[in-house]
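Structure assessment
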Amino acid sequence: MSNIPEDLKYDKSHEWIKIEDGKALVGITDHAQTELTDIVFVELPEIGAEVKTGDVMLVIESVKVAADVYSPVNGKIVEVNEEVESTPELLNQDPYGKGWLVKIETDDSGETLLDAAGYRSSIE
Amino acid sequence: MKQTVLYNQHISLSASMVDFAGFMMPVKYTSIIDEHLNVRKHCGLFDVSHMGQIKILGKDAKSFLQYLIANNVDKLRIGQVIYSPLLNETGGVVDDILIYMLNETEFLLVVNASNIEKDFTWIQTHLSSTYENVSIDNMSMNYSMIALQGPDSEKLMKKTGFELADLSYYEFKEIYYKDEKIIISRTGYTGEVGFEIILENSLAESFWIMLLNEGKEFNLKPVGLGARDSLRLEVCFPLYGHELQDDVLAIESGVSWAIDMNKESFIGREALVNTRSNYKLIAFEMVERGIPRAGYDVCQGDNSVGKVTSGSFLPSLKKNMGLALVRKEQTEIDSEIFINIRSKYVKAKIVKKPFLLPFNRRKN
């Protein structure tokens, strides 16, 4: 059973989002990291990059496959998790914690995003 | 969706399951990289029950096989296994298979899961009236298959009480387990010392559990299809659907060593003699960062010269490497090539095969 924390928002493309004080913290879900298998490389975006909802924001490479990660909001990348560049396994080991990917400055409220139940039914 | 007899075992071990050739198979239990490294260092247990078994029986079985396969059946003695591509009339590969000689009139073929029906139909179609005393039996639904691979696999088999010390590479024995005959061969697809066990479905679960329990002291871990692929790629073993294809000349795919052109007649021989070969299977290592994958374009200068057939991060070598089918010209070791990875041209260089030596070619 996939771990889907109740206090987060989700995108159909398997990103989780936590919006607080005009900033969206984004990562990939437990379901995503299981499907991808061992993650070996994360290509993080530039700080300052502008993103629109649905844009490919970064690429994750696993032993089996390369996967696009999409921006769930409109905004600007203000922080990236450099630790995942040196230790990509963090995405497999702790996708909701140490495996966070980017922080996006945004005006979006996240209302159109899925809640935990909505994401759960989208993957079943 | 089909399941092997060991499906519940995989679920109880928390395996991530995927559809492979119509079977729900474990792609990993813990991590592809950990499982891969554990096979190289200790030993690993694989469920390969999705693969197929076809029996060829009768007085003319041997001569029929000699026509059917590209390798030489005369090399086989009772108790031996041989590897061969099955060629089609244009010299491409229908499948790559193992042939076990059980006795003078009984041969067991082990075939790839994705090709079971195709191979059976192929064999049936080519069984002309020339071979009167031959019957073929698709036993795939009756048998399960388990692979035990890794440097500690011999110690584990010894502990379980099977007498296998006199079994050489590519030999097999029929042994009793729970009063039923099972086949244990010294074969495998990982490049490590190991065994493959073919047994009736009803025996598979207890055999698997028995090995996992006895294997604890040797760090035996279950291994999924993900690591099975990275293990075979490290030693450059070809895979049907990647290096071996129906429309790629077998001699371009790196299996020439298993084709005996001295045989007077076999399916595909004429094509191999008459068709000009323009391509070659090369091994390459990424120089710039990127992971090559099957289907990616390979370029030299301004030209596309071929395609990647297999590519991955290789855990033992900690490098991104792959195999590609490219035009023969300018394929010397160290030549520079570019792999088109998601629209970026990423530098790589041609290297010697294999990336890692299989156990039987290592100096120690």
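No experiment lies behind these values; they were computed from the predicted model shown.

With that settled, consider the overall build of chain A. Secondary structure summary: chain A contains four helices and nine strands in total. For chain A, the succession of helices and strands along the chain, N to C, is β-β-β-α-β-β-β-β-β-α-α-β-α. Over its C-alpha trace chain A gives a radius of gyration of 13 Å, about what one expects of a compact globule, namely 14 Å for 124 residues. Across its three principal axes, chain A shows a C-alpha extent of roughly 35 × 35 × 20 Å. Residues classed as buried in chain A amount to 49% of the 124 residues present. Counting contacts in chain A only where the partners sit at least 6 residues apart, residues at least 24 apart contribute 60% of the total. Summed over its atoms, the accessible surface of chain A is roughly 6000 Å², and 44% of this surface lies on carbon and sulfur atoms.

Attention now moves to the packing of helix α3 (residues 61-68) of chain B against helix α4 (residues 116-126) of chain B. Residues and elements named next belong to chain B. At a closest axis distance of 11 Å, the pairing of α3 and α4 adopts a crossing angle of 110°. Taken together, α3 and α4 sit at an angle that is classed as roughly perpendicular. The two elements α3 and α4 meet at a crossing, and its hand is right-handed. Where α3 abuts α4, its residues Phe64, Tyr67 and Leu68 lie against Trp122, Ile123 and His126. A class-by-class count of the residues in the contact of α3 with α4 yields five nonpolar, one polar and no charged.

All names here are of chain B. Counting 39 residues, the largest nonpolar core has Phe46, Leu87, Tyr100, Val110, Ile183 and Ile198 as its most contacted members. Contributing elements (two or more residues each) for this core: α2 (32-41), β6 (81-87), β7 (93-103), β8 (106-111), β10 (143-149) and α7 (225-234). Per-element tally for this core: the top contributor is β7, with four residues. Discounting chain neighbours no more than four positions away, the residues touching Ile183 are Tyr100, Leu102, Leu108, Phe172, Lys173, Glu174, Glu196, Ile197 and Ile198. With 30 residues, the next largest nonpolar core counts Ala15, Met157, Leu211 and Phe218 among its residues.

The buried count for α2(B) comes to seven of 10 residues, which makes it a mostly enclosed element. Every buried residue of α2(B) is listed here: B:Ile32, B:Ile33, B:Glu35, B:His36, B:Asn38, B:Val39 and B:Arg40.

Looking now at the sheet that holds strand β11 (residues 172-177) of chain B. Residues and elements named next belong to chain B. An order of β11-β12-β13-β10-β4-β14 is seen for the six strands of this open sheet, with the pairing classed as mixed. The open sheet has two edge strands with one neighbour each: β11 and β14 (220-222). The mean inter-strand angle of the sheet, taken between neighbouring strand axes irrespective of direction, is 25°. Two elements, β11 and strand β12 (residues 180-185), share six bridges in a ladder whose sense is antiparallel. Directly across from Phe172, in β12, lies its bridge partner Ser185. Sitting on the sheet, α2 touches β4 (43-47), β10 and β14, and the angle it makes with β4 is about 120°.

The residue after B:Lys353, namely B:Pro354, is reached through a cis peptide bond having omega -5°. The backbone of A:Thr37 shows a phi angle near 70°, a positive value even though the residue is not glycine. Judged by its relative accessible area of 2%, A:Thr37 falls in the buried class. The phi dihedral of B:Ala21 is positive, around 50°, even though this residue is not glycine. Mapping B:Ala21 onto the fold places it in the loop between β2 (16-20) and β3 (23-28). Overall, B:Ala21 belongs to the partly exposed group, its relative accessible area being 32%.

So, about the side chain of B:Asn112. All names here are of chain B. For Asn112, the position within the fold is in the loop between β8 and α4. Take Asn112: its relative accessible area is 17%, and that puts it in the buried class. Only 2.8 Å separates the side chain of Asn112 from the side chain of Asp96, close enough to count as a polar contact. Sequence-distant contacts of Asn112, defined by excluding residues within four places in its chain, comprise Met51, Asp95, Asp96 and Tyr240.

All names here are of chain B. For Asn219, the location among the structural elements is in the loop between α6 (201-214) and β14. On a C-alpha basis, the gap between Asn219 and Lys344 in space is 42 Å, while along the polypeptide they are 125 residues apart. Sequence-distant contacts of Asn219, defined by excluding residues within four places in its chain, comprise Asn38, His42 and Cys43.

Below, the discussion takes up the packing of aromatic side chains. All told, the structure shown has 11 aromatic pairs over all chains when counted by the stated rule. Consider the rings of B:Tyr100 and B:Phe172, whose centres lie 5.2 Å apart with planes at 55°: the pair is tilted. Of this pair, B:Tyr100 sits in strand β7 while B:Phe172 sits in strand β11, placing them 72 residues apart in sequence. By relative accessible area, B:Phe172 is classed as buried at 7%. Cluster of aromatic residues (ring-pair linked, three or more members): B:Phe64, B:Tyr67 and B:Tyr131. One cation-aromatic arrangement involves B:Arg289 over A:Phe41; the distance from NZ or CZ to the ring centre is 3.1 Å. Here the guanidinium or amino end of B:Arg327 rests over the ring plane of B:Tyr279, the centre of that ring lying 5.5 Å away.

Further remarks concern the pairing of strand β13 (residues 194-200) of chain B. Residues and elements named next belong to chain B. Judged by how many residues are buried, β13 sits mostly within the fold: six of seven residues are covered. With seven bridges joining them, β10 and β13 adopt antiparallel strand pairing. Counted as the bridge partner of Tyr143 is Glu200 from β13. Direction of pairing for β12 relative to β13: antiparallel, over a ladder of three bridges. Across the sheet, residue Ile183 finds its bridge partner in β13, namely Ile198.

What counts and what doesn't
- Residues numbered from 1 in each chain as written.
- Chains lettered and ligands numbered in written order.
- Predicted model: local features only at pLDDT ≥ 70, side-chain atom pairs only at ≥ 80, totals over all residues.
- Heavy atoms only, no water.
- Helix = DSSP H or I, 4+ residues; strand = E, 2+ residues; numbered from the N terminus.
- Rg over C-alpha atoms; globule rule 2.2 N^0.38 Å.
- Buried < 20%, exposed > 50% of the residue type's maximum accessible area, 1.4 Å probe, protein only.
- Contact = heavy atoms within 4.5 Å.
- Areas by Shrake-Rupley, 256 points an atom, 1.4 Å probe, with all protein chains shown as cover.
- Axes fitted to C-alpha atoms, helices over the stretch in contact; angles between N-to-C directions.
- Parallel < 35°, antiparallel > 145°, perpendicular 65-115°, else oblique.
- Left-handed = near helix turned anticlockwise from the far one by under 90°.
- Nonpolar A, V, L, I, M, F, W, Y, C, P; charged D, E, K, R; others polar.
- Core = buried A, V, L, I, M, F, W, Y, C linked by side-chain atoms within 4.5 Å.
- Pairing = 2+ DSSP bridges.
- Polar contact = N/O pair within 3.5 Å; in protein donor to acceptor, adjacent residues only side chain to side chain.
- Phe/Tyr/Trp six-rings, centres within 6.5 Å; stacked < 30°, edge-to-face > 60°.
- Lys NZ or Arg CZ within 6 Å of the ring centre and 35° of its normal.

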